[in-house]
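Results of the structural survey
Next come the chains, spelled out residue by residue.
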Amino acid sequence: MDLAGLLSALPPGGIATIAGFGYQDGIPAKEADAGWPMGVVRRRDGDLIVNDYWGHRVWRIDRDGILHTLAGDGIPGRDDSGIPAIEARLNEPHDLSQDRHGNLYLSELGRRSNLIRRIDYETGILTTVAGSGKVGRGGDGGPALEAELDCACGVAVDEEGHVYISSEWSNNIRRVDAHTGIIETVYGHTARHYTSELGNSRPMSGSGLGLGGYHGDGGQASEAGFFHPEHLAFDSKYNMYVCD
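This write-up is about the structure you can find in this document. In this text, all values refer to a predicted model and were calculated from it rather than measured experimentally. (Residues numbered from 1 in each chain as written. Predicted model: local features only at pLDDT ≥ 70, side-chain atom pairs only at ≥ 80, totals over all residues. Heavy atoms only, no water.)

The subject of this paragraph is the sheet that holds strand β1 (residues 37–42). Strand order in the open sheet formed by four strands is β1-β2-β3-β4, with antiparallel pairing between adjacent strands. The strands lining the two open edges of the sheet, one partner per strand, are β1 and β4 (67–71). On average, adjacent strands in this sheet sit at an angle of 30° to one another, irrespective of strand direction. Of the pairings in the sheet, the one linking strand β3 (residues 57–61) to β4 comprises four bridges and is antiparallel in character. Looking across to β4, one finds that R60 is bridged to H68. (Pairing = 2+ DSSP bridges. Helix = DSSP H or I, 4+ residues; strand = E, 2+ residues; numbered from the N terminus. Axes fitted to C-alpha atoms, helices over the stretch in contact; angles between N-to-C directions.)

Here it is, written out as structure tokens:
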């Protein structure tokens, strides 16, 4: 069928591919296109899980090297909690972490997202762990689901299930308590950037980025200065590492 025939036969609201082939499932991963691979973890069964920042997907590469979609459909968006991750829309998934049960945690940086998400290992259901969707730095001491996030890039989970979140712009690390769901800043300092905040928060200090710096070696991490901490990770003994 020629192009004119293809378009004339297209029903209202229909989509037809006329050039290119887009993202593909079920092919060898080394032959596949990708947007911008970011976070990566390896599951206990040997599968690799990869966040695709520009592809708005989470990929699974099985032990035979075949690529599969685990979450997202490639269209940026924000879906509510409680639906299968394979059916959900994601918006710029960035960092990726895995707890000791195999559940996945990912940060979404899209302008209308600013969320930390969880994909259940057993059910594949997507839920939100932190973030109201509003850009900002408020919420410490309250429910993580009501908190504002500001470029919350890094995510890591400790042995007890507490979720740690690093913010590249506010230059600190926050923790979501696994038992209470309360969020608080545990490492670094707190400052607000009123001009970039879209939530109900108000400035506390200055008009620029958060209180960043490089000081603190040999002292308490809670008093240290960070400058754009982007990634977090725990080793096998649950010591935290920060890509600052």
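Any two side chains of opposite charge can pair, given that their charged atoms come close. Applying the stated criterion across every chain yields a total of seven salt bridges. For the salt bridge of R118 with D120, the shortest nitrogen-to-oxygen distance reads 3.3 Å. Overall, the relative accessible area of 21% leaves R118 in the partly exposed class. Given the relative accessible area of 17%, D120 is considered buried. (Salt bridge = Lys/Arg side-chain N within 4 Å of Asp/Glu carboxyl O. Buried < 20%, exposed > 50% of the residue type's maximum accessible area, 1.4 Å probe, protein only.)

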